[in-house]
Amino acid sequence: QLSPSATGRINRYLATGGTILFDLRDISSSSANSAILRQLTKDIAIPPLTPVPPDHVLTKAFYLMQDFPGRWAGGQVWVERSGDHVNDGVSSIVVGGNDWASAWATDQTGQPMFAVVPGGARQREMAYRFGINLVMYTLTGNYKSDQVHVPSILERLGN
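Anyway, here's the lowdown on the structure attached to this text. This one's a predicted model, so the numbers in the text were calculated from it and none came from an experiment.

A few points about the packing of aromatic side chains
Enumeration over the complete set of coordinates arrives at three aromatic pairs. Where Phe62 meets Tyr63, the ring centres are 5.0 Å apart and the plane angle is 80°; that geometry is what we call edge-to-face. Aromatic pair Trp100 and Phe130: ring centres 4.4 Å apart, planes at 25°, arrangement stacked. Taken together, the residues span a long stretch of sequence, with Trp100 in helix H3 (residues 100-104) and Phe130 in helix H4 (residues 120-140) at a distance of 30 residues. Note on accessibility: Trp100 and Phe130 belong to one class, buried.

What follows is the structure, given as structure tokens:
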């Protein structure tokens with residue numbers, strides 16, 4: 001259980017542009033992980049979440065991708081609804097059940113610590129790509145979606 005002080009700091013962090021990735025193995029509504037997550041976050045200001053839509057910036061922040069596999073493939077990824085207040089277009093919460101940390105984990109010799117199922121090396125590469133997209137998304141906000149406006153911005157600047 002989080003202390004009131006910790007909960008307050010987390011809420012301030014999220015309100016001022018911070019992002020938390022909840023990287024789970026299973027987030028179905030009946031899973032133990034889901035119940036633990038609900039208990040852990042009960043006093044945190046979690047905004048309404050929605051599955052990542054096909055045109056979300058997370059799908060094109062660096063790599064173009066529609067699926068976000070980790071150790072497991074096929075899980076849903078959830079982000080803050082785009083109609084809600086979002087810091088520079090970035091969701092304060094990203095939740096997924098693909099276990100990215102296990103896909104990224106390596107031992108002291110640089111070898112993967114866990115198998116990725118079912119896609120092997122290609123799936124691991126896609127997990128790394130998701131990680132890169134996530135970092136680019138959280139660090140740069142909605143710059144990628146704003147690129148469609150570059151011609152009109154340049155025109156207004158007289159270039």
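That was the structure; now back to the text.
Overview of the pairing of strand E1 (residues 20-23)
Where burial is concerned, the two faces of E1 differ: the one with Ile20 and Phe22 is buried and the one with Leu21 and Asp23 is not. Here E1 pairs with strand E4 (residues 93-96) via four bridges, running parallel. By the bridge assignment for E4, Phe22 is matched with Val95.

Quick look at unusual backbone geometry
Cis geometry marks the peptide bond from Val117 to Pro118, where omega comes out at 5°. Of note, Pro118 is situated in the loop between H3 and H4. In this model, Asp99 sits at a positive phi of 55°, which is unusual for a non-glycine residue. On the secondary structure map, Asp99 appears in the loop between E4 and H3.

Structural notes on helix H1 (residues 4-15)
Its 12 residues give H1 an end-to-end C-alpha distance of 16 Å, which sits within 8% of 16 Å, the value for a rise of 1.5 Å per residue. Taken residue by residue, H1 has Ala6, Thr7 and Leu14 as its buried positions. Each buried residue of H1 lies within a common arc of 100° when the element is viewed along its axis, so the set occupies one face. For H1, exposure combined with an orientation more than 90 degrees from the buried face picks out Pro4, Arg12 and Ala15. Looking at the packing, one finds that the buried side of H1 touches E1 and E4. Gly17 lies just past H1 and shows a positive phi near 105°.

Brief notes about the sheet that holds strand E2 (residues 49-51)
Judged by pairing direction, the sheet is mixed, and its four strands sit side by side in the order E1-E4-E3-E2 without closing on themselves. Both edges of this open sheet fall to E1 and E2, since each of them pairs with a single strand only. Strand-to-strand twist across the sheet, computed as the mean angle between neighbouring axes with direction ignored, equals 20°.

Re H4
For H4, built from 21 residues, the straight-helix expectation of 30 Å at 1.5 Å per residue is met to within 8% by its first-to-last C-alpha distance of 30 Å. Residues of H4 that are buried: Gln123, Arg124, Met126, Ala127, Phe130, Gly131, Asn133, Leu134 and Tyr137. Lining the buried residues of H4 we find E1, E4 and H3. A positive phi of about 65° marks Gly141, the residue just after H4.

Let's talk about the pattern of salt bridges
Considering all chains together, one arrives at three salt bridges under this definition. The shortest N-O distance in the salt bridge between Lys42 and Asp43 comes to 3.9 Å. Look at Lys42 and you get partly exposed, because its relative accessible area is 48%. Two residues, Glu125 and Arg122, come together in a salt bridge whose shortest N-O distance is 3.3 Å. With Glu125 and Arg122 both in helix H4, this residue pair falls three residues apart, about one helical turn.

Calculation rules
- Residues numbered from 1 in each chain as written.
- Predicted model: local features only at pLDDT ≥ 70, side-chain atom pairs only at ≥ 80, totals over all residues.
- Heavy atoms only, no water.
- Phe/Tyr/Trp six-rings, centres within 6.5 Å; stacked < 30°, edge-to-face > 60°.
- Helix = DSSP H or I, 4+ residues; strand = E, 2+ residues; numbered from the N terminus.
- Buried < 20%, exposed > 50% of the residue type's maximum accessible area, 1.4 Å probe, protein only.
- Pairing = 2+ DSSP bridges.
- Expected span 1.5 Å × (residues − 1).
- Arc of directions from axis to C-beta.
- Contact = heavy atoms within 4.5 Å.
- Axes fitted to C-alpha atoms, helices over the stretch in contact; angles between N-to-C directions.
- Salt bridge = Lys/Arg side-chain N within 4 Å of Asp/Glu carboxyl O.

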